[in-house]
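Chain by chain, the residues run as shown.
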Amino acid sequence: MKKHNFYAGPSILSEYTIKNTAEAILNFADTGLSVLEVSHRSKEFQAVIDEASALVKEILDIPEGFSVLWLGGGASMQFCMIPYNFLNTKASYLDTGTWASNAIKEARLFGDVDVVASSKDANYTYIPKDWTVAKDSNYFHYTSNNTIYGTEMRFDPEVPVPMIADMSSDIFSRPVDFSKYIAVYAGAQKNLAPAGVTLVIVRDEALGHVERQIPTMLDYRTHVKKGSMFNTPPVLPIYSALMTLRYYKELGGLKELERRDLEKAALLYDAIDSSRMFRGTVTDTADRSIMNVCFVMTPEYTELEKSFVDFCAERGIVGIKGHRSVGGFRASLYNAMPIESVKVLVEAMKDFENKH
Ligand SMILES: *Cc1c(COP(=O)(O)O)cnc(C)c1O
């Protein structure tokens, strides 16, 4: 049976990405070797990483002066690399969830951290609205999409200092004004590739301004200088990322990706809003994520949650159980998810509701 994959991460990849990755595992670029067993310094792999970096710049419309890096360690490693490289005295952070607060915890090891606002008081079910960033902060850090709670900031905030964003779960779903940023990073396993590589986009001239010593591997300048080849990069996920990027370009780039994402999310939110059995967990509809849709059953039906998951499984729907810290359901609608799968889920919700 065809599966409808709603997992939050690692998550669905395009068929194009998976098929071409499988092929390259057997025979990479007609070398007669697997992509798993070639030197990362071979000319064939150099072409892969060069094309992938160029496509990131093209699709996201990144201006001159930025470097695209492919690093190990996950987005979580960036929580420490960011302050290591950019925090001299003080940084401002917006606390919108578990990932944001993990980033805050690491930054505190390096200097003053001003948490401008937090929605922790309401289990992160909204994005704080009225806050200001101090002019003497080295940077402002925020998480654009809160994967666990289903909230999203689909805009570039207006602040008086350079910005840094964790875009792990919504990169390639909206245009970003890079002129406001010194760094953007994203673990690959949501909208790009299998786990194992993190995409980091850094502004070159923002590097080298902190007073501390930085260990070689944690210094962005090392990876800028060596083209992400100071050590062995995660070859396979980078190959898959290239396939996804080619697929994105072929589809029509960011405009088309965003159009599709908005359409899919509207379909599911409409179904939730018009149902008596389900309701969304995000309190302000303006904060709703188009990548991770979080919902629960209304109190009179709560005991049916488990049985709804089983009902969905019979229709090939997988990965809709909510994160353990939120409960209920979470349907992740990443770029690779076809609208047909969302329709299958909406059908299942309606049929289940009619049955009870
Ligand atoms: C998944 C996720 C992370 C953690 O990524 P790792 O690669 O597992 O470290 C961080 N931030 C956001 C927004 C995420 O969705």
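Residues numbered from 1 in each chain as written. Predicted model: local features only at pLDDT ≥ 70, side-chain atom pairs only at ≥ 80, totals over all residues. Heavy atoms only, no water.

With respect to the site of the ligand
In the vicinity of the ligand lie 13 residues, with S76, T147, D166, Q189 and K190 positioned nearest. Note that an oxygen atom of the ligand is positioned 3.0 Å from one of the backbone N or O atoms of A75. Contact between the ligand and Q189: an oxygen atom at 2.9 Å from a side-chain N or O atom of the residue. In terms of residue count, helix α3 (residues 74-86) provides more of the shell around the ligand than any other element does, four residues in total. Of the residues belonging to the shell around the ligand, the class tally is three nonpolar, eight polar and two charged. (Near = heavy atom within 4 Å. Polar contact = N/O pair within 3.5 Å; in protein donor to acceptor, adjacent residues only side chain to side chain. Helix = DSSP H or I, 4+ residues; strand = E, 2+ residues; numbered from the N terminus. Nonpolar A, V, L, I, M, F, W, Y, C, P; charged D, E, K, R; others polar.)

Here's the deal with the domain arrangement of the chain
As a measure of interface size, the accessible area lost when the parts come together is often cited. Domains assigned within the chain are domain 1 (4-11 + 254-355) and domain 2 (15-251). In this structure, domain 1 and domain 2 have C-alpha centres spaced 27 Å apart. Opposite the 29 residues of domain 1 that make contact, domain 2 presents 28 residues. When domain 1 packs against domain 2, the two sides together hide about 2300 Å² of surface, and 53% of this comes from carbon and sulfur. At the surface where domain 1 touches domain 2, the tally comes to three salt bridges. One salt bridge in this structure joins D284 and K129, with 3.4 Å as the shortest N-O distance. When residues of the side of domain 1 that touches domain 2 are traced back to their parent elements, those giving at least two are α7 (253-273) and β12 (292-297). By residue class, the composition of the side of domain 1 that touches domain 2 is twelve nonpolar, nine polar and eight charged. (Domains from an automatic or database assignment. Contact = heavy atoms within 4.5 Å. Buried area = accessible area lost by both parts, 1.4 Å probe. Salt bridge = Lys/Arg side-chain N within 4 Å of Asp/Glu carboxyl O.)

Brief notes about unusual backbone geometry
Going from G9 to P10, the amide bond is cis rather than trans, its omega being -10 degrees. Structurally, P10 is set in the loop between β1 (4-5) and α1 (15-26). Located in the positive-phi region is Y124, a residue other than glycine, with phi close to 60 degrees. One can find Y124 in the loop between β4 (112-118) and β5 (140-143). With a relative accessible area of 5%, Y124 lands in the buried category. (Buried < 20%, exposed > 50% of the residue type's maximum accessible area, 1.4 Å probe, protein only.)

Regarding helix α6 (residues 235-251)
Over its 17 residues, α6 extends 25 Å from the first C-alpha to the last, a length consistent with the 24 Å expected when each residue adds 1.5 Å. Of all the positions in α6, only V235, P237, I238, Y239, S240, A241, L242, M243, T244, L245 and Y248 are classed as buried. Buried positions along α6 lie against α1, α2 (43-60), β2 (66-71) and α7. In the stretch just after α6, G252 is the one whose phi turns positive, near 130 degrees. (Expected span 1.5 Å × (residues − 1).)

Here we look at helix α9 (residues 339-355)
Spanning 17 residues, α9 covers 24 Å between terminal C-alpha atoms, matching the ideal 24 Å at 1.5 Å per step. Burial in α9 covers these residues: I339, S341, V342, L345, V346, A348, M349, F352 and E353.

Re the sheet that holds β12
Read from one edge of the open sheet, three strands run β11-β12-β14, paired in antiparallel fashion. Bordering the open sheet on either side are β11 (278-280) and β14 (329-332), each of which pairs with just one other strand. Geometrically, the sheet is characterised by an average inter-axis angle of 35 degrees between neighbouring strands, direction not taken into account. Examined bridge by bridge, β11 and β12 share three bridges and lie antiparallel to one another. Within the sheet, the bridge partner assigned to R279 lies in β12 and is V296. (Pairing = 2+ DSSP bridges. Axes fitted to C-alpha atoms, helices over the stretch in contact; angles between N-to-C directions.)

Quick notes on the packing of aromatic side chains
Tallied over the full model, the rule gives 21 aromatic pairs. Centroid distance F66 to F178: 5.7 Å. Interplanar angle 80 degrees. Geometry classified as edge-to-face. Placement of F66 in strand β2 and of F178 in the loop between β8 (163-166) and β9 (181-187) is noted, with a sequence separation of 112 residues between them. A relative accessible area of 4% places F66 in the buried class. F178 gets classed as buried once you look at its relative accessible area, which sits at 2%. An angle of 50 degrees between the planes, with centres 6.2 Å apart, marks the rings of F178 and Y181 as tilted. Within the aromatic cluster, the residues linked to one another by ring pairs are F66, W131, F140, Y142, F178 and Y181. (Phe/Tyr/Trp six-rings, centres within 6.5 Å; stacked < 30°, edge-to-face > 60°.)

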